[in-house]
Amino acid sequence: MEFLDNIFLYGTSIIRSIITWIGFDPAITNMIMAAVYTVAILVICTLVALFYVLYERKLAGFIQYRPGPNKLGPFGLFQTVADAVKLLTKEDIVPRNADKALHFLAPLFVFIPPILALGAIPFGNKLVAVDLNIGMLYILAVTSLSTIPFFLAGWSSNNKYTMLGAMRAVSQKISYEIPVIFSVLAITMIAGSLNMSEVVGMQGKLWFVFVQPLSFLIFFIAGIAETNRAPFDLPEGESELTAGYLTEYSGMKWALFFLAEYCSMFVFSAMATTLFLGGWLGPVLPGWMWFVLKVHVLMTVIIWIRWTFPRIRVDKLLEFNWKILIPASILNIFATGIGVYLFNNFF
Amino acid sequence: MLSNYAIIAILTIGGLIFAAAAMLISRIFQPRKQYSKKTDTYECGFETKGSSWMSFRSSYFVYALVYLIFEVEVIFLYPWAVEFKMLGLFAIVEMIIFFTLLIAAFLFAWKEGAFKWY
């Protein structure tokens, strides 16, 4: 069990010792190790996207009482592989009136925020690429960068649909960031640390979701909106904006946006797991397996929500955020502050 | 400490390379036959009228402004939250003063109709 728990750590230490054996000095070894972590994170991202695309379609089929993809391979397991190959061979069309440089840059940048965020998330005990002491703030900062590629994409396409989609995406993402930040703030007040691993370590006795249920609810709702998932998927609402900011993208560029969307869903679920559900902590099974299990449950709930609730109107969406979520999260901070003070001084 | 941020820089480069490589590989396999109808702006079959880079609904701008207030507060709030347990009663008093100002600004924006969709 001990071995399974640390299997990835053994892997990295073997790679590290091979590099030192070849004879690089420590600084360069660290850089090469960073490259190894980067590759690992990219592999995780790709696998997550490949798996959850299929899983979502299967689950959607189950919810809507139809088989879902079932032709390619057993249970349609190779469907996403076929999709990936198809997208790879699709022609890349750049509209004549578009700003070509920015149209090219948007899919190039879209993958950076989720990768940067995954770098600071502990997948298991010590299983983290960069264990930053300001981990939470860093993740909030880099995930908020994800508005930029979306706006680049929407603006550079020079199309009314993409422009509307981009405007909606930005307004929605920046608005829903405030409740996310405030709900994480409440966790910081209890934990007294911004380090993700330390926050997980504190949840040994009691998960923070039981201490901060309101905070978790706000974080979850706002997170769904942040990742542009239904019922908050207005930026790409196909019945009104064809595909929102993605309208003018085709082939691999479109696939990159799609991949990034699933990755940011994964990042958000991983954040919720780390902050509220005790991260890698759990009995019997190895730590990383617990982490994957918890993330998987959250992803399932997100997908379930998507196929259950209808899309809401854009003014309702923003009103819900500014008039309900933000006041609720501010109240939650007040309650947490007084609660922590009383707990520290009188118990 | 500094090497941590070097890792982040490498992660950024990795993300860029991944996206660039994906586009490059697809460039090898894809057909390239472009003609004028194909590169038209897609607006569901209608002829496009004018550019879409024009003046836009102002309520989006107001949301961005209010967002900015909150986002700047965050820089002050996180250090305070980390040290919350150490500061004791002082932290509570500070919280009340700080949030009173924040909520006053928030309510003012609300009263002025910043969150109304015209």
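I will try to describe carefully the structure that is included in this document. (Residues numbered from 1 in each chain as written. Chains lettered and ligands numbered in written order. Predicted model: local features only at pLDDT ≥ 70, side-chain atom pairs only at ≥ 80, totals over all residues. Heavy atoms only, no water.)

**As for the pattern of salt bridges**
All names here are of chain A.
Here's step 1: This structure, assessed with the given rule, holds nine salt bridges over all chains.
Here's step 2: Taking the shortest distance from any N to any O, the salt bridge between E56 and R229 comes out at 2.9 Å. Placement of the pair is E56 in helix α3 (residues 26–63) and R229 in the loop between α12 (213–226) and α13 (238–241), with a sequence separation of 173 residues. Accessibility assignment for this pair places E56 and R229 in one class, buried.
Here's step 3: Between K253 and D92 there is a salt bridge, and its shortest N-O distance comes to 3.3 Å. Residue K253 is found in helix α14 (residues 251–276), and its partner D92 is found in the loop between α4 (79–88) and α5 (100–109); the two are separated by 161 residues along the sequence. Considered together, K253 and D92 belong to a single accessibility category, that of buried residues.
Here's step 4: Look at the salt bridges and you will find they share partners, linking E56, R229, E261 and R306 into a network. (Salt bridge = Lys/Arg side-chain N within 4 Å of Asp/Glu carboxyl O. Helix = DSSP H or I, 4+ residues; strand = E, 2+ residues; numbered from the N terminus. Buried < 20%, exposed > 50% of the residue type's maximum accessible area, 1.4 Å probe, protein only.)

**Quick notes on the side chain of A:S171**
Here's step 1: Note on placement: A:S171 falls in helix α9 (residues 160–191).
Here's step 2: Take A:S171: its relative accessible area is 3%, and that puts it in the buried class.
Here's step 3: Within polar-contact distance, the side chain of A:S171 engages the backbone oxygen of A:R168 at 3.1 Å.
Here's step 4: With residues up to four places along the chain from it excluded, the contact list for A:S171 reads A:L318 and B:Y60. (Polar contact = N/O pair within 3.5 Å; in protein donor to acceptor, adjacent residues only side chain to side chain. Contact = heavy atoms within 4.5 Å.)

**Topic: the interface of chain B and chain A**
Here's step 1: Counting residues at the interface gives 69 residues for chain B and 84 residues for chain A.
Here's step 2: On the chain B side of the contact with chain A, B:L11, B:W53 and B:Y78 bury the most area, a combined 11% of that side's loss.
Here's step 3: Connecting chain B to chain A are one salt bridge.
Here's step 4: Between B:R27 and A:D92 there is a salt bridge; the shortest N-O distance is 3.7 Å.
Here's step 5: On inspection of chain B and its partner chain A, the count reaches four residue pairs in polar contact (both at pLDDT 80 or more).
Here's step 6: Top contributing element to the side of chain B that touches chain A by residue count: helix α1 (residues 2–29) of chain B, with 20 residues.
Here's step 7: Of the residues contributing to the side of chain B that touches chain A, the split by class is 45 nonpolar, 15 polar and nine charged. (Buried area = accessible area lost by both parts, 1.4 Å probe. Nonpolar A, V, L, I, M, F, W, Y, C, P; charged D, E, K, R; others polar.)

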